[in-house]
Amino acid sequence: MSATSLLPMCVRASRGLLRLRTGPAGACSPVVLDIVRKLSTDKPTAGTGRGTGGLAQAVLQEKLQQQQQSPGQPPPGGEESGRQGEKAEDRKQKEKNAYSKKMLLQLAGLMGIGGAVSIVYIFGTNSVDEQGNMIPDEFDNDPPVLQQLKRTFRYFKDYKQMIIEPTSPKLLPDPLKEPYYQPPYTLVLELTDVLLHPEWSLLTGWRFKKRPGIDYLFQQLAPLYEIVIFTAETGMTAYPLIDSIDPQGFIMYRLFRDATRYMEGHHIKDVSCLNRDSSKVIVVDCKREAFSLQPFNGMALKKWDGNSDDRTLYDLANFLKTIALSRVEDVRTVLENYALEDDPIEAFKRRQAQLAQEEEQRLAELSQQKKQGLSFGSIASRFWRSKQQ
């Protein structure tokens with residue numbers, strides 16, 4: 001068979017195979033296409049005749065059988081090439097991520113440097129007076145860059161000190177003098193969880209519940225105590241709350257977070273900065289840390305949980321009223337007895353009941369003695385009368 005006759009036969013065989021291996025979308029198997037392309041481009045040599053045609057048919061049949069036996073398997077070398085392609089894509093993706101991180105870090109570094117330079121420039125410049133003239137300071141003779149750094153350091157040091165220390169060594173004005181009336185004692189009250197309880201809900205947000213007995217407490221103690229609200233809340237939050245619980249103006253002074261001394265994570269109320277005699281100052285709070293600098297000047301009440309049946313403020317008013325009416329020279333001698341109590345108000349009520357019981361017992365004994373003395377006197381008088389007769 002000649003080459004010219006072999007080519008049409010191969011073409012017909014390839015067309016048959018194409019019809020057999022065409023998928024739903026008309027795509028042909030790559031193996032069949034490769035075989036057809038190879039057969040159509042090879043040049044047959046003279047004298048190969050039937051051998052060549054039979055060989056081509058055998059090769060086509062073998063390939064067709066292999067495809068029929070494993071129709072779901074990829075062609076030889078396809079799986080390996082696919083894995084290599086996936087590895088190449090993963091490598092490219094990792095390189096892109098590393099480049100993105102590198103660019104972000106560089107951008108963050110540039111922004112940090114720019115921010116630091118801006119802070120040094122803003123806070124390291126000399127202060128100016130009302131006319132806009134620069135106020136000289138102790139750093140004017142240093143190099144310009146060193147001046148900026150030192151002034152910036154001093155600014156942040158002063159700012160930190162302002163947070164830690166109270167705003168003034170005298171938080172309250174001087175006591176009132178005659179003809180004005182100055183109460184003999186000073187009562188310092190915390191606002192949150194002592195007088196008010198914060199509550200939050202999804203519908204209303206933050207709301208503050210008023211504790212039962214606030215009005216009674218103020219009315220009973222206003223003539224005897226200089227009432228001061230000293231809270232760890234900010235003034236913006238606490239000021240309208242104080243107005244709402246004291247419409248009659250019993251509270252004389254208000255102190256907020258900036259007046260506290262910040263130590264070890266706690267806002268401490270330093271009694272020595274109140275400009276009052278410490279022997280006449282009582283601090284009422286729900287945290288012992290609030291008066292840790294003067295532990296015998298404070299009472300730590302239990303934290304109010306919002307219970308409407310609470311009677312603590314009524315008992316507190318009676319306790320403080322007892323101290324004032326007893327004219328105690330140093331309140332610390334009284335509060336020291338309650339320093340270790342978990343609930344000083346309950347301890348006070350228990351001791352009051354015990355004292356009342358002892359007083360009742362004493363009166364009963366005195367009455368019994370009077371009765372005995374009366375009976376003995378009557379017997380003696382009768383004996384004296386009978387003797388005279």
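Computed from a prediction, not measured in an experiment: that's the story for all the values here.

### A look at the nonpolar core
For soluble globular proteins, the rule of thumb is that nonpolar side chains tend to be buried together. Among the nonpolar cores identified, the biggest contains 40 residues, and Leu-189, Leu-191, Leu-195, Leu-217, Tyr-225, Ile-282 and Leu-316 are the most heavily contacted of them. Considering every element that reaches this core, the biggest residue donor is helix α8 (residues 312-325), with seven residues. Residues in contact with Leu-189, not counting those within four places in the same chain, are Leu-195, Leu-217, Phe-218, Ile-227, Val-228, Ile-229, Phe-230 and Val-284. Counting 16 residues, the second largest nonpolar core, distinct from the first, contains Leu-172, Val-188, Phe-230 and Val-271.

### Looking at the sheet that holds strand β4 (residues 225-230)
Pairing in this open sheet of five strands is parallel, and the strands run β5-β4-β1-β8-β9 from one edge to the other. Two strands close off the open sheet at either side, each with one partner strand: β5 (253-255) and β9 (298-300). Averaged over all neighbouring strand pairs, the angle between strand axes comes to 20 degrees, with direction disregarded. One ladder, built from five bridges, connects strand β1 (residues 185-189) with β4; its direction is parallel. Note on β4: the bridge partner recorded for Val-188 is Val-228.

### Quick look at the environment of Phe-256
Its place among the elements puts Phe-256 in the loop between β5 and β6 (261-263). Since its relative accessible area comes to 13%, Phe-256 is described here as buried. When the C-alpha positions of Phe-256 and Met-236 are compared, they lie 9.3 Å apart, and in sequence the two are 20 residues distant. With residues up to four places along the chain from it excluded, the contact list for Phe-256 reads Phe-230, Thr-231, Glu-233, Thr-234, Gly-235, Ala-238, Tyr-239 and Ile-242.

### With respect to the packing of aromatic side chains
What the rule picks out here adds up to six aromatic pairs. On the numbers, 5.5 Å between centres and 35 degrees between planes, the contact of Tyr-185 with Tyr-225 is tilted. One end of the pair, Tyr-185, is in strand β1; the other, Tyr-225, is in strand β4, and 40 residues separate them in sequence. No difference in accessibility class separates Tyr-185 from Tyr-225, as the two residues are buried. Judged by centre distance (5.4 Å) and plane angle (80 degrees), the ring pair of Phe-319 and Tyr-338 falls under edge-to-face. Separated by 19 residues along the polypeptide, Phe-319 in helix α8 and Tyr-338 in the loop between α9 (331-335) and α10 (344-388) bring together distant segments of the chain. With relative accessibility at 2%, the residue Phe-319 sits in the buried group. One aromatic cluster in this structure is built from Phe-319, Tyr-338 and Phe-348. Of note, Arg-311 hangs over the ring of Tyr-314, and the distance from its end group to the ring centre comes to 4.1 Å.

### Some points on the UniProt feature "transmembrane region" (unreviewed entry) in the protein chain
The UniProt feature table records "transmembrane region" (unreviewed entry) at residues 103-124. The span residues 103-124 is 95% helical and 0% strand by assignment, and the distance between its end C-alpha atoms comes to 31 Å.

### Thoughts on the pairing of strand β8 (residues 281-285)
Of all five residues in β8, five are buried; the element is thus mostly enclosed. Taking every second residue as pointing to the same face, both faces of β8 are buried, with Val-281, Val-283 and Asp-285 on one and Ile-282 and Val-284 on the other. Bridging between β1 and β8 involves four bridges; their strand directions are parallel. Among the inter-strand pairings, Thr-186 is bridged to a residue of β8, identified as Val-281. Looking at chain direction, β8 and β9 are connected through three bridges and run parallel. Bridge pairing in β9 places Val-283 opposite Gly-298.

What counts, and at which threshold
Residues numbered from 1 in each chain as written. Predicted model: local features only at pLDDT ≥ 70, side-chain atom pairs only at ≥ 80, totals over all residues. Heavy atoms only, no water. Core = buried A, V, L, I, M, F, W, Y, C linked by side-chain atoms within 4.5 Å. Buried < 20%, exposed > 50% of the residue type's maximum accessible area, 1.4 Å probe, protein only. Helix = DSSP H or I, 4+ residues; strand = E, 2+ residues; numbered from the N terminus. Contact = heavy atoms within 4.5 Å. Pairing = 2+ DSSP bridges. Axes fitted to C-alpha atoms, helices over the stretch in contact; angles between N-to-C directions. Phe/Tyr/Trp six-rings, centres within 6.5 Å; stacked < 30°, edge-to-face > 60°. Lys NZ or Arg CZ within 6 Å of the ring centre and 35° of its normal. UniProt positions renumbered as here; feature names shortened; annotations may be inferred.

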